[in-house]
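# Residue-level structure breakdown
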Amino acid sequence: MELKELLKELTDAHGVSGHEYPAGEVFIKQAKPFSDEVKIDKLGNAIAIKKGQQTGDKRYKILLAGHLDEIGLMVTKIEDGGFIRITNVGGIDISILPGQAVTVMGKEQLRGVIGAKPPHLQEPGESGNIIQMDDLYVDTGRTKEELADIVEIGTLVRIESEFTELSNGCFSAMAMDDRAGVVVLVETLRRLTERKHDWDVYAIATAQEEVSGLGATTTAYEIQPDIAIAIDVTFGDGPGIPERRSNPLGKGATIGLGPNFHPKITQKLKDVASENEITHQIEVDPYPGGTDAYSLQVSKAGIPAGLVSIPLRNMHSTVETLKLDDVKRCAELLCVFISKLDQKFQEELKCF
């Protein structure tokens, strides 16, 4: 399958945080041909394992984590007239919600739209106010009575979007954050079938990153890898985005640099990229958190961690936009990096 088709299949799949199973099944299906073992665990993490060629009693392990979940909504109340009140699951920009198409994931799936009071009917002083979640509702066209046996408090609501191919290799869709990282996992496994590697590779499409990071925490605790690398998205360039806080699309993967990331891992990623002419960028991230890298780093007694990211415009919106070449470069960087891992590198991690 071409990467753009895989990206579309993954972004089309439902997977609001805490309910990632449909998207996890897509990952398992696509990763299975390149893996020795695949499974979905009790928390919803989708796991693919590819064994390395190492021998001996001690088997070194690297964990790659790209999160599977997406931001979404949840039903809080069904009012007279069939209007459904909602709250957010994960960090949603409320200002983008009015007018969005949604799917209410009830006992049957219902298409709906998010509405709010029209500007023509707003009271003096209301116009121009920042919209609040309490101002919004989902309209499915059904009455309250018709919804009674289909939708209940806590039902998930997925924000819908159309997978769109733009110009110059750019693509736009909901949930690029971080289904694009999950594509990197699959493509890294595929490339590793063509390259010798000693270490065992655990590719994890993690659950619940957007709300807690617990998926990465629990899998890292169970697997106890020797090192771990999170694969996520980072802020792409665009109008109003400070240059020092963003990375241009098309300039390759970004390598995280900061206290959250083990300096030996960061340096090796940089060296591998330079020596193999893999286009890349450096992202300064002085404050831990925001990705699975933190959850991996602090699991159990601590795991040396790194971060590789894909530049993304319009983050946490229905038109998240990236360049497919950057996804490919992330996979190439990780594939070559893994092929270079040996016992000597493991010893180097003990000294800064």
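Presented here is a report on the structure given in the accompanying data block. Per chain, the residues get numbers from 1 upward, laid out in the order the sequence is written. Only residues with pLDDT of at least 70 are given local features in this predicted model, and only at 80 or more are side-chain atom pairs given and counted; all residues enter the totals for whole chains, interfaces and linings. Calculated side-chain values reflect all of the structure's heavy atoms, with hydrogen atoms and water omitted.

## So, the overall build of the protein
- Looking only at helices and strands, one finds 9 helices and 17 strands in the protein.
- To get the radius of gyration, use the C-alpha atoms; to get the globule rule, take the number of residues to the power 0.38 and multiply by 2.2 Å. Relative to its length of 352 residues, the protein is compact, with a C-alpha radius of gyration of 21 Å against a globular reference of 20 Å.
- Buried residues are those whose accessible area, probed at 1.4 Å on protein chains only, stays under 20% of the maximum for their type, while exposed residues exceed 50% and partly exposed ones sit between those limits. The buried share among the 352 residues of the protein stands at 52%.
- Only heavy atoms matter for contacts: two residues are in contact if any of them lie within 4.5 Å across the pair. Here the analysis covers contacts within the protein between residues at least 6 apart in sequence; of these, 77% occur between residues at least 24 apart. Numbering of helices and strands runs from the N terminus; a helix is a DSSP stretch of H or I covering at least four residues, while a strand is a stretch of E covering at least two.

## Some remarks on the environment of Pro22
- As for its placement among the helices and strands, Pro22 is situated in helix H2 (residues 21-31).
- C-alpha separation for the pair Pro22 and Leu68, spaced 46 residues apart in sequence, amounts to 10.0 Å.
- In this view, Pro22 contacts Ala13 and His14; residues no more than four positions away in its chain are not counted.

## Focus: the pairing of strand E13 (residues 227-235)
- Of all 9 residues making up E13, 8 are buried, and the element is well covered by its neighbours.
- Here strand E3 (residues 61-67) pairs with E13 via 5 bridges, running parallel. Of the residues in E13, the one forming a bridge with Gly66 is Ile231.
- Strand pairing is assigned whenever DSSP identifies at least 2 bridges connecting the two strands. Strand direction decides the pairing type here: E13 and strand E16 (residues 305-312), joined by 8 bridges, are parallel. Bridge assignment links Asp232 to a residue of E16, and that residue is Ser309.

## Quick notes on unusual backbone geometry
- Residue Asp178 is reached from Asp177 by a cis peptide bond, and omega for that bond is 10 degrees.
- Mapping Asp178 onto the fold places it in helix H4 (residues 176-192).
- The phi dihedral of Gln224 falls on the positive side, at around 50 degrees, and the residue is not glycine.
- Structurally, Gln224 can be placed in the loop between helix H5 (214-223) and E13.
- Gln224 gets classed as partly exposed once you look at its relative accessible area, which sits at 43%.
- Positive phi values are uncommon outside glycine, yet Asn314 reaches one of about 60 degrees.
- Counting through the fold element by element, Asn314 comes out in the loop between E16 and strand E17 (320-323).

## Section: the pairing of strand E7 (residues 109-115)
- Relative to E7, strand E6 (residues 101-105) runs antiparallel, the two sharing 5 bridges. When the bridges of E7 are listed, Ala101 appears paired with Val113.
- Two successive antiparallel strands, E6 and E7, enclose a turn made up of 3 residues.
- Pairing of E7 with strand E8 (residues 137-139), which is carried by 3 bridges, proceeds in the antiparallel orientation. For Ile114, the partnering residue across the bridge sits in E8 and is Val138.

## A look at the side chain of His67
- Relative to the assigned elements, His67 resides in strand E3.
- A polar side-chain atom of His67 sits 3.1 Å from a polar atom in the side chain of Glu209.
- Every residue in contact with His67, bar those within four places of it in the chain, is listed here: Asp177, Asp178, Arg179, Val182, Thr206, Glu209, Glu210, Ile231, Asp232 and Asp292. Counted as a polar contact is a pair of N or O atoms within 3.5 Å, where, for protein atoms, one must be capable of donating a hydrogen and the other of accepting one, and residues adjacent in sequence contribute only when both atoms are in side chains.

## Points about the sheet that holds E13
- Read from one edge of the open sheet, 8 strands run E1-E2-E12-E3-E13-E16-E14-E15, paired in mixed fashion. The strands lining the two open edges of the sheet, one partner per strand, are strand E1 (37-40) and strand E15 (280-284). Neighbouring strand axes in the sheet, compared pairwise and without regard to direction, differ in orientation by 25 degrees on average.
- Contacts from helix H8 (residues 324-339) reach E3, strand E12 (200-206), E13, strand E14 (253-257) and E16, with the element oriented near 160 degrees to E16. Only the contacting stretch of a helix is used when fitting its axis, a line to C-alpha atoms as for every element, and angles between N-to-C directions run 0 to 180 degrees.

## Observations concerning the sheet that holds strand E11 (residues 170-173)
- Across the sheet, which stays open at both edges, the 3 strands sit in the order E10-E11-E17 with antiparallel pairing between neighbours. Each having just a single partner strand, strand E10 (164-165) and E17 make up the two edges of the open sheet.
- Judged from the 2 bridges that link them, E10 and E11 form a sheet pairing that is antiparallel. Along E11, the bridge assignment pairs Thr164 with Ser172.

## Some remarks on the environment of Asn276
- Mapped onto the secondary structure, Asn276 falls in the loop between helix H6 (263-275) and E15.
- On the accessibility criterion, Asn276 (33% relative accessible area) is partly exposed.
- In the structure, Asn276 is positioned 60 residues away from Val336 in sequence and 8.3 Å away in space, judged by C-alpha atoms.

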